[in-house]
Amino acid sequence: MFNKNVIEKFKTFSTPFYYYDLDLLRQTLDTLKKAADKYGYKIHYAVKANANPEILKIICSYGFGADCVSGNEVLKAIECGFHADKVVFAGVGKSDKEIIAALKNDIFCFNCESIQEMEIINELAESLNKTTRVALRLNPGIDAHTNQKINTGLADSKFGIDFNKLEDIVKTVLSLKNLQLIGLHYHIGSQILDPEPFKLLCERSNEMQSKLEKMGLHLDEINLGGGLGVDYYNPDENPVPEFEKLLDMIHENLDVKSGQHVHFEFGRSVVAQCGTMVSKVLYIKPATQTNFAIVDAGFTDLIRPALYGAYHKIENLTSESSQTKKYDVVGPICESTDVFDKGITLPETRRGDLLAFRTAGAYGEIMASQYNLRELPNVYYSEN
Ligand code: LLP
């Protein structure tokens, strides 16, 4: 919900644009920090959700680390102030160039997804006369009950190493002289609202820990990844995710030995609600079943509905009509998937009206493209 002054300000901005409410971002970070500090949990913000430098600087000021999935994310995080010794680097396909950049910056840890990857990191570390810390990303075989396009913890997913192979893999890693195995890493998927998969993840982690103990091995780091979901349907009622509830539940279920640290990599839950995409209505085109509201943003600006069938609440910010109508809200791109939502009820909408696409702070601006040679969306903040 935006007040009149903010909407008046929006009228002066060039559309389409992303607007970030930095107060809400700070409120979210305060809540997360409090919940994590209660148990000494370590947070690495998942840069992939939103790598806008203004946002990164604010997140970094809370003392959090960064979870990166490319060499450029590693470099960007460090440039924006994250300490290299709080940077973790995951991804199934790290290139030699990316590995070298991360090694040169002495990051905290590589989250490794295959034996061959670890052999290459070992070789490259040796060539630079370094040893480096690695964690094994295990595929825990857990269904996160989320959108199948962002479900990562199942056996047939390309991510991680089968948890059943733990012992063999550990033996191989221990033979690689320039690697120091410090922990196990998991990530089961994204936009997870059901606590059950996280509980199963704790159980799997405990089981893996016992296996390591049987091998006489003690690893200090347990990284449970990200994945906490947000309320896309009621952004005003639930602006801040329930971090405390999740972390309390983890604390109750996770077996943590003395000297061990527990890490998380939250992305969406940190930034989703503070961001809104705003677009102007270009044309209204009546059709037999519906009315098309054709807006100046397309899937090049916010791809989640077209790519995942994801929902973003759409609000008309400027209509003064008391009548409502049904609309299909669509973009200008020459593709039939360029649809934000179908058959939604809005107050009567006209050319020039501003529509807000809520909960767009995560995987919004960062996934924008220039297809059709379109310009990238503009960006504005609540504080300037
Ligand atoms: N850690 C790893 C290893 C990941 O792969 C991800 C997300 C995260 C942490 C952060 O997860 P989060 O807390 O944001 O759920 N573009 C999709 C989401 C892709 C998520 C990819 N990995 C979307 O728009 O829904």
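Note that the structure is a prediction, hence the values are computed from the model and not measured.

Analysis parameters
Residues numbered from 1 in each chain as written. Predicted model: local features only at pLDDT ≥ 70, side-chain atom pairs only at ≥ 80, totals over all residues. Heavy atoms only, no water. Core = buried A, V, L, I, M, F, W, Y, C linked by side-chain atoms within 4.5 Å. Buried < 20%, exposed > 50% of the residue type's maximum accessible area, 1.4 Å probe, protein only. Helix = DSSP H or I, 4+ residues; strand = E, 2+ residues; numbered from the N terminus. Domains from an automatic or database assignment. Contact = heavy atoms within 4.5 Å. Salt bridge = Lys/Arg side-chain N within 4 Å of Asp/Glu carboxyl O. Pairing = 2+ DSSP bridges. Near = heavy atom within 4 Å. Polar contact = N/O pair within 3.5 Å; in protein donor to acceptor, adjacent residues only side chain to side chain. Areas by Shrake-Rupley, 256 points an atom, 1.4 Å probe, with all protein chains shown as cover. Nonpolar A, V, L, I, M, F, W, Y, C, P; charged D, E, K, R; others polar. Buried area = accessible area lost by both parts, 1.4 Å probe. Axes fitted to C-alpha atoms, helices over the stretch in contact; angles between N-to-C directions. Parallel < 35°, antiparallel > 145°, perpendicular 65-115°, else oblique. Left-handed = near helix turned anticlockwise from the far one by under 90°.

### Side note on the nonpolar core
Ranked by size, the top nonpolar core spans 102 residues in total, and within it Phe110, Leu136, Phe266 and Val329 carry the most contacts. Ranked by residue count, the leading element in this core is helix α2 (residues 22-37), at seven residues. A domain split of this core shows at least three residues from each of domain 1 (4-16 + 274-381) and domain 2 (22-271). Once residues lying within four places of it in the same chain are set aside, the contact partners of phenylalanine 266 are Leu32, Ile43, His44, Tyr45, Ala46, Gly226, Gly227, Leu228, Phe243, Leu246 and Leu247. Counting eleven residues, the second-largest nonpolar core is a separate cluster that includes Phe2, Phe13, Leu354 and Ala356.

### Comments concerning the pattern of salt bridges
A complete count under the given rule lists 19 salt bridges for this structure. Residue glutamate 244 pairs with lysine 38 through a salt bridge whose shortest N-O separation is 3.0 Å. Of the two residues, glutamate 244 sits in helix α9 (residues 243-253) while lysine 38 sits in the loop between α2 and β2 (42-46), which places them 206 residues apart along the sequence. You can call glutamate 244 partly exposed: its relative accessible area is 39%. The network of salt bridges with shared partners includes Asp236, Lys313, Glu315 and Arg358.

### Regarding the pairing of strand β16 (residues 354-357)
Burial along β16 is two-sided: Leu354 and Ala356 facing one way and Leu355 and Phe357 facing the other are all buried. As judged from the four bridges shared by strand β11 (residues 275-286) and β16, these two strands associate in the antiparallel manner. By the bridge assignment, serine 279 is partnered in β16 with leucine 355.

### Looking at unusual backbone geometry
Of note, the bond from threonine 15 into proline 16 is cis; its omega dihedral lies within 30 degrees of zero at -10 degrees. In this fold, proline 16 is placed in the loop between α1 (4-10) and β1 (17-20). Unusually for a residue other than glycine, threonine 359 sits at a positive phi of about 55 degrees. One non-glycine residue, tyrosine 363, adopts positive backbone phi at about 55 degrees.

### Description of the site of the ligand
Looking at the ligand, there are 17 residues lining it, with Ser190, Glu265, Arg304, Tyr308 and Tyr363 nearest. Contact between the ligand and glycine 267: an oxygen atom at 2.9 Å from a main-chain N or O atom of the residue. In this structure, arginine 268 approaches the ligand through a main-chain N or O atom, which is 2.8 Å from an oxygen atom. Here the ligand loses 91% of its free accessible area of 580 Å² to cover by the protein chains. Among the residues forming the shell around the ligand, the class breakdown is six nonpolar, five polar and six charged. Per-domain counts for the shell around the ligand show at least three residues from each of domain 1 (4-16 + 274-381) and domain 2 (22-271).

### Overview of the domain arrangement of the protein chain
Structurally, the protein chain comprises domain 1 (4-16 + 274-381) and domain 2 (22-271). If you average the C-alpha positions of domain 1 and of domain 2, the two centres end up 33 Å apart. On the domain 1 side of the interface with domain 2, the three residues burying the most area are Cys274, Tyr363 and Tyr381, jointly 33% of the side's total. Seen at the junction of domain 1 and domain 2, the total is one salt bridge. Of the charged contacts in the structure, one is a salt bridge between aspartate 236 and arginine 358, with a shortest N-O distance of 2.9 Å. At the boundary of domain 1 with domain 2, the tally comes to seven residue pairs in polar contact (both at pLDDT 80 or more). The greatest single-element share of the side of domain 1 that touches domain 2, amounting to three residues, is contributed by helix α11 (residues 304-308). Split into classes, the residues belonging to the side of domain 1 that touches domain 2 amount to nine nonpolar, four polar and five charged.

### A word on the environment of serine 336
Among the secondary structure elements, serine 336 is positioned in the loop between β14 (324-330) and β15 (339-347). A relative accessible area of 73% means that serine 336 is categorised as exposed. Taking C-alpha positions, serine 336 is 9.4 Å from alanine 306, a pair spaced 30 residues apart along the chain.

### Observations regarding the packing of helix α5 (residues 96-104) against helix α6 (residues 115-127)
In helix packing, the relevant descriptors are the interaxial angle and the interaxial distance, both defined with respect to the helix axes. The contact between α5 and α6 brings their axes to 10 Å, and the two run at 55 degrees. With respect to α6, the axis of α5 lies oblique. By crossing handedness, the relation of α5 to α6 is classed as right-handed. On α6, the residues touching Asp96, Ile99, Ile100 and Leu103 of α5 are Ile120, Ile121, Leu124 and Ala125. Of the residues assigned to the contact of α5 with α6, the class counts are seven nonpolar, no polar and one charged.

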